[in-house]
Amino acid sequence: MKNDILKVLISEDEIKEIIKRLGKQITKDYMGKDLVVIGLLKGCNPFMADLIRQIDLKLDVDYLAVSSYAGTSSTGDVKIRLDLNQSVLGRDVLIAEDIVDTGATITTIKKLLLHRGAKSVKIVTLLDKPAGRLMECYPEYIGTEVPNEFVVGYGLDFNEKYRNLPYVGVLKPAAYEKWGELCKNKINHKHQKENLIF
């Protein structure tokens, strides 16, 4: 798995420092507020688990499962696969994201939560990729910016793989080209079988 990584962008130690900084700022900003931290599954898991332990406040945790990626690119078509278990009415919401890329997913979710009556909705993201923006989106809390490359690790995946890497790295092109070839071969195999049937 590690052999598929071209380079490490953010090390384990750097991630820890980023999360401490974010947690300290969020603790200060949300003092005395009714905070609910909402994670966007599945990528938020490592980041959110570490982040909430650095927020020295009473808070609630909930999750939304949404998707907008196919392969290495965001489709912009946001699908909600799992909804919240609690109301956000009158509450201060902080959305925890692993990465803000096109801005499509997070903008849609922010609008949805405000429509449901949240008092405020802000975004905390480990990674910000402004070069990938398709929609205007400005997270209030940013861990660090990353270049317009396909990154994996620490919750970020390529077709559900690499989430368990303890750092954030750039995936070698060969890793996703290999996947593309595999898909092409499966399609060709399917067509060959269909030709045999007819």
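Being a predicted model, the structure only gives us computed values, none of them experimental.

(A) The pattern of salt bridges, seen in detail. Under the definition given, this model contains 12 salt bridges. As a salt-bridge pair, D34 and R91 come within 2.9 Å of each other at their nearest N and O atoms. One end of the pair, D34, is in the loop between α1 (12–29) and β2 (35–41); the other, R91, is in the loop between β4 (73–82) and β5 (92–100), with 57 residues separating them in the sequence. With a closest N to O distance of 3.1 Å, E160 and K42 form a salt bridge. Of the two residues, E160 sits in the loop between β8 (151–152) and β9 (168–171) while K42 sits in the loop between β2 and α2 (45–52), which places them 118 residues apart along the sequence.

(B) Structural detail: α2. Taken residue by residue, α2 has F47, M48 and L51 as its buried positions. Along the axis of α2, the buried positions cluster into a sector of 90 degrees, meaning they face one direction only.

(C) Seen up close, the pairing of strand β6 (residues 120–128). Buried residues dominate β6, accounting for eight of its nine residues. By the bridge criterion, eight bridges tie β5 to β6 in an arrangement that is parallel. The residue bridging D92 from the neighbouring strand is S120, located in β6. Note on the crossover from β5 through helix α3 (residues 104–115) to β6: the handedness is right-handed. When β6 meets strand β7 (residues 141–145), the two strands line up parallel, connected through four bridges. Bridge pairing links T125 to I142 in β7.

(D) Highlighting the packing of aromatic side chains. For the coordinates displayed, the defined rule picks out one aromatic pair. On the numbers, 5.9 Å between centres and 85 degrees between planes, the contact of F150 with F158 is edge-to-face. Overall, F158 belongs to the buried group, its relative accessible area being 4%. One Lys or Arg, K33, reaches over the ring of Y30 and ends 5.5 Å from the middle of that ring.

(E) Spotlight on the pairing of β5. Of all nine residues in β5, nine are buried; the element is thus mostly enclosed. The pairing of β2 with β5 spans five bridges and is classified as parallel. The partner of G39 across the bridge, within β5, is A96.

(F) The nonpolar core, seen in detail. Within the largest apolar cluster, 28 residues are counted, with the highest numbers of intra-cluster contacts made by I26, F47, L51, V124, L127 and V168. Of all the secondary-structure elements, those providing two or more residues to this core are α1, β2, α2, β5, β6 and β9. Counting residues per element, this core draws most heavily on α1, which supplies five residues. Sequence-distant contacts of V124, defined by excluding residues within four places in its chain, comprise L22, I26, F47, L51, L94, I95, A96, E97 and Y141. Counting residues in each nonpolar core, the second largest holds 18 residues, with I38, V78, I95 and I123 among its members.

Reading the values: rules and limits
- Numbering of residues starts from 1 in every chain and runs along the sequence as written.
- The model is predicted, so local features are restricted to residues of pLDDT at least 70 and side-chain atom pairs to those at 80 or more, both for listing and for counting; the totals for chains, interfaces and linings are taken over all residues.
- Side-chain measures here rest on the full set of heavy atoms in the structure, leaving out hydrogens and waters.
- The salt bridge definition used is simple: a Lys or Arg side-chain nitrogen within 4 Å of an Asp or Glu carboxyl oxygen.
- Helix and strand assignments follow DSSP, with helices taken as H or I runs no shorter than four residues and strands as E runs no shorter than two, numbered in order from the N terminus.
- Buried means the residue's accessible area, taken with a 1.4 Å probe over protein chains only, is under 20% of the maximum for its type, while exposed means over 50%, and partly exposed covers the values in between.
- What the arc measures is the spread of directions leading from the helix axis to the C-beta atoms.
- Pairing between two strands is assigned when DSSP locates at least 2 bridges connecting them.
- Note on handedness: a crossover is taken as right-handed if, strands pointing away from the viewer, the path from the first strand over the helix to the second is clockwise.
- Aromatic contacts are taken between Phe, Tyr and Trp rings whose centres are within 6.5 Å, Trp giving its six-membered ring; a plane angle under 30 degrees counts as stacked, one over 60 as edge-to-face, and the others as tilted.
- Only when the NZ atom of a Lys or the CZ atom of an Arg is both within 6 Å of the ring centre and within 35 degrees of the ring normal do we say a charge sits over the ring.
- The definition of a nonpolar core used throughout is a set of buried Ala, Val, Leu, Ile, Met, Phe, Trp, Tyr and Cys residues joined through side-chain atoms within 4.5 Å.
- The contact definition used throughout considers only heavy atoms, calling two residues in contact when any of these lie within 4.5 Å.

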